Amino acid sequence: MNVVPDNSYRWSGDTDKGGAILKARVKAIYNQIADDLKAKIMKGDLAPGEMLPSQSQLAETYGVTQMTVRQGLGLLVDDGYIYSVWGKGYFVAEPTLDTVVINLSGKNFFGQELNPTMNRVDVLHADQTMLDRLGVQLGARILRAQLTLDLDEVPVALDCRYIPYRKGEPLLEKELQYADFPQIVARHTNLVVAKSNFTIEAVPLSRAEADALKVSPDAWGLCIEQVLYGVTGKPMGWSKMVCRGDRYKISGVAQSYSRKA
């Protein structure tokens, strides 16, 4: 791997544009270092449990400063490829296959191509369940969007999305229907979505849910609830999707490392 030494990235100008270019180029260097070490780990050149060369050795190898090396190593720590031991250094992490990555985005929700149809958009007053999920006051106004998800023209899921109502900031029906739920919540609240928790359980369907999914009133379904949180830990949005047990499945991928890019 060829890496240009740090001194070639010095910027003589003092404009904002120059600073931005300098920052982007330096960032590219530590990303290259992270990618190179990642490739060596995946090829087995660096084995699980093996200690990486010291930061000074890596800096000399790549022709960069130790600060740049630390930034690259930080990316690998975040992605689960390596871990640090205080006073010793960085070690290659053991690959694990016990973490499953599940696709929660758009039409490919949980690995199936589903076609959404908007049923309704309305404003409700928060009941106890919404209070528990969203941390709002009882009776607070909540925006609800209800969609039916079809597979081969058969309804397989009923998806209800709940967001605290903000006066003067209506959401377009098309956005509610097609955008990913975290994107909708982020745009509506003007805040960053930092975390998503979800639960999956088998539940008896309500009469309304059974009618919407065209199954018998005593049928059971798969309930998938997702709560989105901001950086402060405050709930920002809640979705509840009820699926037909006879037509729906969940699929995911287990990777060698937890957050492989």
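Note: the structure precedes this text.
Heads up: these notes are all about the structure in this document. All values derive from a computational prediction rather than experimental measurement.

What counts and what doesn't
Residue numbers restart at each chain and count upward from 1, following the sequence in its written direction. This being a predicted model, a pLDDT of at least 70 is required before a residue's local features are given, and a value of 80 or more before pairs of side-chain atoms are given or counted; all residues contribute to the totals for chains, interfaces and linings. Excluded from the side-chain calculations are hydrogens and water; all other atoms, namely the structure's heavy atoms, are used. For helices the rule is a DSSP run of H or I covering at least 4 residues; for strands it is a run of E covering at least 2, with both sets numbered from the N terminus onward. The rule is simple: take the accessible area with a 1.4 Å probe, protein chains only, and divide by the maximum for that residue type; under 20% is buried, over 50% is exposed, in between is partly exposed. Here, residues are in contact when the closest pair of their heavy atoms is within 4.5 Å. With residues, only the protein chains shown are counted as cover, and all accessible areas are computed by Shrake-Rupley using a 1.4 Å probe. Salt bridges are defined as contacts in which a side-chain nitrogen from Lys or Arg sits within 4 Å of a carboxyl oxygen from Asp or Glu. Any two strands are treated as partners once DSSP identifies two or more bridges connecting them. A fitted line through C-alpha atoms represents every axis, and for helices the fit uses only the stretch in contact; the resulting angles, taken between N-to-C directions, go from 0 to 180 degrees. Each C-beta atom gives one direction from the helix axis, and the arc is the one those directions make. What counts as a ring pair is set by centres within 6.5 Å for rings of Phe, Tyr and Trp (its six-membered ring), and what kind of pair is set by the plane angle: stacked under 30 degrees, edge-to-face over 60, tilted for all other angles.

**Structural notes on the overall build of the chain**
Part 1 of the reasoning: Scanning the chain from terminus to terminus reveals seven helices and ten strands.
Part 2 of the reasoning: For the chain, the residues scored as buried account for 37% of the 261 residues in total.
Part 3 of the reasoning: Put simply, of all contacts in the chain between residues at least 6 apart along the chain, 59% involve residues at least 24 apart.
Part 4 of the reasoning: Of the roughly 15,100 Å² that the chain leaves accessible, carbon and sulfur atoms contribute 52%.

**Some remarks on unusual backbone geometry**
Part 1 of the reasoning: Backbone geometry places Glu 153, a non-glycine residue, at a positive phi of 65°.
Part 2 of the reasoning: Residue placement: Glu 153 occurs in the loop between β5 (141-151) and β6 (154-164).
Part 3 of the reasoning: With relative accessibility at 77%, the residue Glu 153 sits in the exposed group.
Part 4 of the reasoning: One non-glycine residue, Lys 214, lies in the positive phi region at around 60°.

**Topic: the pattern of salt bridges**
Part 1 of the reasoning: A full pass over the atoms with the stated rule returns ten salt bridges.
Part 2 of the reasoning: One salt bridge in this structure joins Arg 120 and Asp 122, with 3.9 Å as the shortest N-O distance.
Part 3 of the reasoning: The residue Arg 144 makes a salt bridge to Asp 122 at a minimum N-O spacing of 2.7 Å. Linking Arg 144 in strand β5 with Asp 122 in strand β4 (residues 115-125), this pair joins segments that are 22 residues apart in sequence.
Part 4 of the reasoning: Overall, the relative accessible area of 13% leaves Arg 144 in the buried class.
Part 5 of the reasoning: Within this structure, Asp 35, Lys 38 and Asp 79 form a network of salt bridges that share partners.

**So, the environment of Val 185**
Part 1 of the reasoning: Assignment of secondary structure puts Val 185 in helix α6 (residues 181-189).
Part 2 of the reasoning: Along the sequence, Val 185 and Trp 238 sit 53 residues apart, while their C-alpha atoms lie 9.2 Å from each other.
Part 3 of the reasoning: Contact partners of Val 185, with chain neighbours within four places excluded, come to Ile 163, Val 193, Leu 228, Met 236 and Gly 237.

**Section: the sheet that holds strand β7 (residues 193-204)**
Part 1 of the reasoning: Taken in spatial order, the six strands line up as β4-β5-β6-β9-β8-β7 in an open sheet, and their pairing is antiparallel. Two strands close off the open sheet at either side, each with one partner strand: β4 and β7. Ignoring which end each strand starts from, the neighbouring axes of this sheet average 15° apart.
Part 2 of the reasoning: Against the sheet, α6 makes contact with β6, β7, β8 (220-230) and β9 (235-244), and its axis sits at roughly 25° relative to β6, the strand it touches most.

**Topic: α6**
Part 1 of the reasoning: Those residues of α6 that sit buried are Phe 181, Ile 184, Val 185, His 188 and Thr 189. The arc that holds every buried residue of α6, seen down its axis, measures 110°, which confines them to one face.
Part 2 of the reasoning: In the segment just after α6, Asn 190 is the residue with positive phi, at about 60°.

**Comments concerning the packing of aromatic side chains**
Part 1 of the reasoning: Applying the stated criterion across every chain yields a total of two aromatic pairs.
Part 2 of the reasoning: Ring geometry for Tyr 83 versus Phe 91: centroids 5.8 Å apart, planes at 20°, classification stacked.
Part 3 of the reasoning: Taking the relative accessible area as the measure of exposure, Tyr 83 reaches 38% and is therefore partly exposed.
Part 4 of the reasoning: Judged by relative accessible area, Phe 91 falls into the buried class, the value being 14%.
Part 5 of the reasoning: Here Tyr 162 and Trp 238 contribute two aromatic rings whose centre-to-centre distance is 4.4 Å and whose plane-to-plane angle is 15°, an arrangement assigned as stacked.

**A closer look at the pairing of β8**
Part 1 of the reasoning: Burial of β8 is extensive: nine of the eleven residues sit out of reach of the surface.
Part 2 of the reasoning: Inspection of the sheet shows β7 paired to β8 by eleven bridges, in the antiparallel sense. Across the sheet, Asn 197 pairs through a bridge with Val 227, a residue of β8.
Part 3 of the reasoning: Looking at chain direction, β8 and β9 are connected through nine bridges and run antiparallel. Bridged to Cys 223 within β9 is Val 242.
Part 4 of the reasoning: Here β8 folds back onto β9 in antiparallel fashion, the turn holding four residues, of which Gly 233 has a positive phi close to 90°.

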